[in-house]
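Each chain, written out:
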Amino acid sequence: MKKYITTPIYYINGAPHVGHAFTTILGDVLKKFEQMRGNDVFYTTGTDEHGQKNQSSCQECGMAVQDFIDMRSGNFQKLFDAMKIDYDFFVHTSSQQHKNVVKDALDYIYKKGLIKKKSYEGLYCEGCEQFKKPSDLDEHGNCPDHQKAPKLITEENYFFPLEQDRQWLIDYINTHPDWIKPKRFAKEVLGMLAEPLDDLCISRPKSRVWLGVDLPFDDDFVTYIWFDALINYISSIGWKSQGDNAAFNETWAHCTHLLAKDILKTHAVYWPIMLKALGIEPPEHLIVHGYWLGEGGIKMSKSLGNVVDPYEVMDLMGIDPLRFYLCNAMSLSGDAQISIDLLKQGYKQLANNIGNLQMRVLKMIAKNLDGKVPSAAHLEAEDKALLENVANTFERIYKYGEPSLELVNELSAEILKAGDAVNAYFATQAPWVLAKDESKRERYEAVIYTTLDALRLIAVAVYPFMPSIAKKILVSLGQNDEIKAEFKPVVLKEGTQTIVGDPLFPFIA
RNA sequence: CGCGGGAUAGAGCAGCCCGGUAGCUCGUCAGGCUCAUAACCUGAAGGUCGUUGGUUCAAAUCCUUCUCCCGCAACCA
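The sections below set out a description of the structure shown in this document.

About the criteria used
Residues numbered from 1 in each chain as written. Chains lettered and ligands numbered in written order. Predicted model: local features only at pLDDT ≥ 70, side-chain atom pairs only at ≥ 80, totals over all residues. Heavy atoms only, no water. Helix = DSSP H or I, 4+ residues; strand = E, 2+ residues; numbered from the N terminus. Buried < 20%, exposed > 50% of the residue type's maximum accessible area, 1.4 Å probe, protein only. Contact = heavy atoms within 4.5 Å. Areas by Shrake-Rupley, 256 points an atom, 1.4 Å probe, with all protein chains shown as cover. Lys, Arg positive; Asp, Glu negative; His and termini not counted. Charge placed at Lys NZ, Arg CZ, Asp CG, Glu CD. 1 Å grid on protein atoms, 1.4 Å probe; cavity = no way out; pocket = protein on both sides within 12 Å on 5 of 7 lines; lining within 4 Å. Points joined across faces, edges and corners; volume = space filled by probe spheres on them. Nonpolar A, V, L, I, M, F, W, Y, C, P; charged D, E, K, R; others polar. Near = heavy atom within 4 Å. Polar contact = N/O pair within 3.5 Å; in protein donor to acceptor, adjacent residues only side chain to side chain. Pairing = 2+ DSSP bridges. Core = buried A, V, L, I, M, F, W, Y, C linked by side-chain atoms within 4.5 Å.

### Some thoughts on the overall build of chain A
Tallying secondary structure elements over chain A gives 18 helices and 15 strands in all. For chain A, the C-alpha atoms occupy an extent of roughly 95 × 50 × 40 Å along the three principal directions. Within chain A, the proportion of its 509 residues that are buried is 54%. A sequence separation of at least 24 residues applies to 77% of the contacts in chain A between residues at least 6 apart. Surface summary for chain A: the accessible area is close to 22400 Å², and the carbon and sulfur share equals 50%. In chain A, which carries 55 positive and 68 negative side-chain charges, the distance between the mean positions of the two groups comes to 2 Å.

### A look at empty space enclosed by the protein
On inspection of all chains with the given rule, the structure shows one cavity of 30 Å³ or more. Its volume calculated, the largest cavity comes out at about 30 Å³. Along its surface, the largest cavity is lined by Phe89, Val91, His92, Ser95, Gln97, His98, Ser235 and Ser236. Listed by contribution, the elements that provide at least two residues to the lining of the largest cavity are β3 (89–92) and α4 (96–111). Among the elements that line the lining of the largest cavity, the one with the most residues is β3, at three residues. In terms of residue class, the lining of the largest cavity is built from two nonpolar, six polar and no charged.

### Re the protein's contact with RNA strand B
Surveying the vicinity of RNA strand B reveals 57 residues, the closest of which are Tyr120, Lys133, Lys299, Asn356 and Lys363. Here a sugar or linking oxygen of RNA strand B and a backbone polar atom of serine 333 are 2.5 Å apart. Residue assignment for the surface near RNA strand B shows that the elements contributing at least two residues are α2 (52–61), β5 (130–132), β6 (151–160), α6 (183–192), α7 (225–230), β15 (336–337), α13 (340–368) and α15 (405–429).

### Describing unusual backbone geometry
Glycine aside, a negative phi is what most residues show, and trans is what most peptide bonds show. The omega angle of the peptide bond from lysine 181 to proline 182 is -10 degrees, so this bond is cis rather than trans. The residue proline 182 is located in the loop between β7 (180–181) and α6 in this model. Of note in the backbone geometry, lysine 84 takes a positive phi value of approximately 55 degrees without being a glycine. Note on placement: lysine 84 falls in the loop between α3 (65–82) and β3. Exposure remark for lysine 84: the relative accessible area of 63% places this residue in the exposed category. Of note in this structure, aspartate 370 is not a glycine but carries a positive phi near 55 degrees. Inspection of the secondary structure puts aspartate 370 in the loop between α13 and α14 (381–400).

### Some details on the sheet that holds strand β11 (residues 218–223)
Strand order in the open sheet formed by three strands is β9-β11-β10, and the pairing between neighbours is antiparallel. Two strands lie at the open edges of the sheet, namely β9 (203–205) and β10 (214–215), each paired on one side alone. Examined bridge by bridge, β10 and β11 share two bridges and lie antiparallel to one another. Bridge pairing links leucine 215 to aspartate 218 in β11.

### Notes on the nonpolar core
One finds Phe394, Ile415 and Phe465 to be the most contacted residues of the largest nonpolar core, which totals 100 residues. Per element, the largest residue contribution to this core is 14 residues, and it comes from helix α17 (residues 441–462). Of all hydrophobic cores here, the second largest spans 54 residues; its members include Tyr4, Val101, Tyr172 and Trp179.

### Observations concerning the layout of surface pockets
Empty space within the second largest pocket amounts to approximately 270 Å³. Looking at the second largest pocket, the residues that line it are Arg456, Val460, Leu474, Gln479, Asn480, Glu482, Lys484, Glu486, Lys488 and Val491. The class makeup of the residues in the lining of the second largest pocket is three nonpolar, two polar and five charged.

As structure tokens, then:
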């Protein structure tokens, strides 16, 4: 089956942070998970390069527009490349390909008569370059940031009405309980839909905003940035208003959008209605996640010094443990916390659990079995039970699990549990005692075999989170590093040469 | 009364839908083990489940008051 996974395209008027890293890692994890199940995946991420704030920042630093965009967008792409994200396409909204689709889409719905022009009157603060609501102003009627009264201005703009589809969307949510995951966000969207929806203003006069896509039907305006940005999900896979959309349709049929909670409304209200106007079904799933806060639940900020920089983390422990931590720690019900200390805690757990397990068994057999996988001929019931438990757990998740935060939470937790179980088994069986007694030879080999084979199962299961660690484990077990999601026990072949390498998770201070 | 979510050992979380001895990881302490990466195994201490009132034989769980935190409530994204 063909699957399509997207991250939001990130607004380049800011540096990439751990939240961007998480969403993009989550997409990569889900892509690998789906691939292991035999699905074809097309995974996109990218940057949103238009809008008023980018325009202002660009002017402030005095760079040529495209140089500015390339520099800022490059910051994101560099991070994702450093994190070895396996994206298939990197979206640039300033690309001609994307702009063409935005214009095509706008033209299409304009000709369908779904866009209307009307005037808007509002209080506009020139300092903020934004319209203000009366409630945003201080007691003197001034903008609190600029201590200046906003001007009452009237503007002509183009609007895309939403209200006509509100009931349709409510019905859609109620009849598709898995559309928005986790469910609490579906509840919130229903709250947004409880009141009539205002028309969405989809244009900005060029006198205010020029960094954007020209409206195809009026050169004096550019497209509102969200209308532009959301189109990336269909421009990336070649939608067009006329002609053959067979390839598009096949990819779009199983589309999952990943997003953080702050952009729920755009994705769950505006976007489905935009798609409806274009004659396109809503995306199959929206996976919404919370924010990363600093330790103690305090918002990360430079002044508090609790900002977690992805590069710093990668320098400290590499990318795999960060991926694992983020997927394991993101909460289903709320926001999640991250700090260097919490990351170290997670790293240590991986080292002591999986890293130590690998090292203790491999070093043992290097000493007294020439590092070769022993025979599985004398496995006893408890050995088989351990392997089957581990294999069945992973088999179930890989077979029936659906991409979601629940899934990455559960799978990462089960991996740690499996590591614990194998460590406990190893300690209980005490193979170092068996090794000293020649009459216990068969039992010794059975215990070692069981431990090695369990480790193999863990390595395969952990691949979406820690691809590089997974491959290192498999190679140390004398396997090639091809990953197949087949969770059958007793696969290792007797006599296979294992290799004691460097620690998977070296000690960090 | 704007909408949704959160508040549970020193830290990070689960449990809440469907009420019945409060659980997991880390940390701390004690014991064990010695194959292994300041590791592993076993056990212990540590919580009036944010606050108020209520329903009930029984409340972390259901209803209610208030407080604090995160989003949304933008023609910022």
